[in-house]
Amino acid sequence: MTKNNNAFSLAGKKGLILGLANENSIAWGCTQLAHQMGAELVVSCLNDKARRFVEPLTAPLGVDLVGCNVEEDGELQALVARAAQRLGQLDFVIHSIAWAPMDDLHGQVIDSSRKGFSRAMEVSCHSFAQLARLCVPHMAAGGSLLSMTYLGADEAVPNYGLMGPVKAALESLVRYMALELGPQGIRVHAVSPGPILTRAASGIASFDELMANAALKAPLKRLVTLEEIAQLSTFLCCDASSGMTGQTIYVDGGCHAVA
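Rules used in this analysis
- Residues numbered from 1 in each chain as written.
- Predicted model: local features only at pLDDT ≥ 70, side-chain atom pairs only at ≥ 80, totals over all residues.
- Heavy atoms only, no water.
- Helix = DSSP H or I, 4+ residues; strand = E, 2+ residues; numbered from the N terminus.
- Buried < 20%, exposed > 50% of the residue type's maximum accessible area, 1.4 Å probe, protein only.
- Contact = heavy atoms within 4.5 Å.
- Expected span 1.5 Å × (residues − 1).
- Arc of directions from axis to C-beta.
- Core = buried A, V, L, I, M, F, W, Y, C linked by side-chain atoms within 4.5 Å.
- Disulfide = S-S within 2.5 Å.
- Salt bridge = Lys/Arg side-chain N within 4 Å of Asp/Glu carboxyl O.
- Phe/Tyr/Trp six-rings, centres within 6.5 Å; stacked < 30°, edge-to-face > 60°.
- Pairing = 2+ DSSP bridges.
- Right-handed = clockwise from strand over helix to strand, strands pointing away.

Enquirer: Whenever I open this one, the environment of Cys30 confuses me. Can you help?
Expert: In this structure, Cys30 sits in helix α1 (residues 26-36). You can call Cys30 buried: its relative accessible area is 0%. Between the C-alpha atoms of Cys30 and Ser233, which are 203 residues apart in sequence, the distance is 6.9 Å. Those residues in contact with Cys30 that lie beyond four places of it in its chain are Ile17, Ile94, Ala230, Ser233 and Thr234.

Enquirer: Explain helix α3 (residues 75-87) to me, please; I cannot follow it from the model alone.
Expert: Count 3.6 residues to each turn of an α-helix, and residues three or four apart come out pointing the same way. Compared with an ideal rise of 1.5 Å per residue, which puts 13 residues at 18 Å, α3 spans 18 Å between its outermost C-alpha atoms and is within 8% of the ideal. Residues of α3 that are buried: Leu76, Leu79, Val80, Ala83, Ala84 and Leu87. Looking straight down α3, one finds its buried side chains confined to an arc of 130 degrees; they lie on one side. Looking at the buried residues of α3, the elements they touch are β1 (14-20), β2 (40-45), β3 (64-67) and α5 (114-135). With its phi angle positive at about 90 degrees, Gly88 sits one or two positions after the end of α3.

Enquirer: Can you help me understand the nonpolar core in this one?
Expert: A general feature of soluble globular proteins is that nonpolar side chains tend to end up buried together. Counting 46 residues, the largest nonpolar core has Leu16, Phe128, Leu131 and Leu145 as the members making the most contacts within it. Elements with a minimum of two residues in this core: β1, α3, α5, α6 (163-181), β6 (186-193) and α7 (207-217). Sequence-distant contacts of Leu131, defined by excluding residues within four places in its chain, comprise Leu16, Leu18, Leu76, Val80, Val93 and His95. Core analysis: the second largest hydrophobic core is formed by 33 residues, Met148, Leu236, Cys237 and Ile249 among them.

Enquirer: Just to check I follow, could you spell out the state of the cysteines for this structure?
Expert: Two cysteines whose sulfur atoms are joined by a covalent bond form what is called a disulfide. Evaluation of the coordinates by the stated rule reveals zero disulfides. Free of any disulfide, Cys30 has its nearest neighbouring cysteine sulfur in Cys237, separated by 7.5 Å. The thiol of Cys68 is unpaired, and the distance to the nearest cysteine sulfur, on Cys45, comes to 9.3 Å.

Enquirer: Mind showing me how you'd approach unusual backbone geometry here?
Expert: Trans peptide bonds make up the majority, and among non-glycine residues the majority have a negative phi. Positive phi is not limited to glycine here, since Asn159 has a value of about 75 degrees. Summarising the element assignment, Asn159 is placed in the loop between β5 (143-148) and α6. Asn159 gets classed as partly exposed once you look at its relative accessible area, which sits at 39%. The residue Lys221 is not glycine, and still its phi comes out positive at about 60 degrees. Topologically, Lys221 is positioned in the loop between α7 and α8 (226-237).

Enquirer: Explanation requested: the pattern of salt bridges in the structure shown.
Expert: When their charged atoms lie close together, side chains carrying opposite charge are able to pair. If you walk through the whole model with that rule in mind, you get eight salt bridges. Linking Glu55 and Arg51 is a salt bridge whose minimum nitrogen-to-oxygen distance equals 3.5 Å. Separated by four residues within a single helix, Glu55 and Arg51 lie in helix α2 (residues 48-58), roughly one turn from each other. The network of salt bridges with shared partners includes Asp64, Arg82 and Arg86.

Enquirer: Would you take a moment to explain α1 for this structure?
Expert: In terms of burial, α1 is largely enclosed, as eight of its 11 residues are buried. Every buried residue belonging to α1 is among Ile26, Ala27, Trp28, Gly29, Cys30, Thr31, Leu33 and Ala34, and all of these are buried. Looking one or two places after α1, you find Gly38, whose phi comes out positive at around 105 degrees.

Enquirer: Explanation requested: the packing of aromatic side chains in the structure shown.
Expert: The description of an aromatic ring pair rests on the distance of the ring centres and on the angle between the ring planes. Summed over the entire model, instances satisfying the criterion amount to two aromatic pairs. Summarising the aromatic geometry, the rings of Phe8 and Phe235 are spaced 6.4 Å apart at their centres and angled 25 degrees between planes, so their arrangement reads as stacked. Placement of Phe8 in the segment before β1 and of Phe235 in helix α8 is noted, with a sequence separation of 227 residues between them.

Enquirer: Any chance you could explain the pairing of β2 here in plain terms?
Expert: Of all six residues in β2, five are buried; the element is thus mostly enclosed. Of the pairings in the sheet, the one linking β1 to β2 comprises six bridges and is parallel in character. Note on β2: the bridge partner recorded for Leu20 is Cys45. The β-α-β motif built from β1, the intervening α1 and the parallel element β2 has right-handed crossover chirality. Looking at chain direction, β2 and β3 are connected through four bridges and run parallel.

Enquirer: Sorry if this is basic, but what is going on with the environment of Ser192 here?
Expert: Topologically, Ser192 is positioned in strand β6. Overall, Ser192 belongs to the buried group, its relative accessible area being 1%. Sequence separation between Ser192 and Thr31 is 161 residues, and the spatial gap between their C-alpha atoms is 18 Å. With residues up to four places along the chain from it excluded, the contact list for Ser192 reads Thr149, Tyr150, Leu151, Thr248, Ile249, Tyr250, Val251 and Asp252.

Put into structure tokens, the structure is as follows:
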């Protein structure tokens, strides 16, 4: 078989990445590597407050940065329209946003409010389906859609709380989206990183303890890095992963494989 090194490249690919908050964001790790691999990008942050932290990162790359709060009517639509106008088409989309109200996140799942549960589901799960609906018309040549999940979707992880059921719904959504979009050549995956200290993760109670336990449990005996998460994510956006779809793929040092 002839080796095709170009299959592992993003040169000429057009991508949209959602969820930059600061230099520790998974979305930022993906943005850096995708840019290095030759992709042309549009990226999003939540609002003007987040822009102050993110713009110094994206400006040197010449990446178009757009504010987008998925809870606000019309903002996701405007983001995708901007990306389509700037890039002409979309070959991959990375959805790296998750949120739940603090009271609901820190309480028991059985005590979660209807409004809080609904908002967590809207931001962290349904927005991925909505994003796909908006992006698919601009993916005539096929491509990849990715979202970020966590082991707490499959196992009950102490202190992960409400986000566990929400991420479980997201992983199921990925499978159904893969089924629906496969005939159009669009692949859909959930990337499941081990715990790293992102802005979103900092809202989880006792997160330092969770990270320490993960490092002890993992066969590799360490946490994964932002770069390793980005490497998996960008691989799934490359043509080299063209035969894969509908999966939750772990990059967690092997934690998911150990009881």
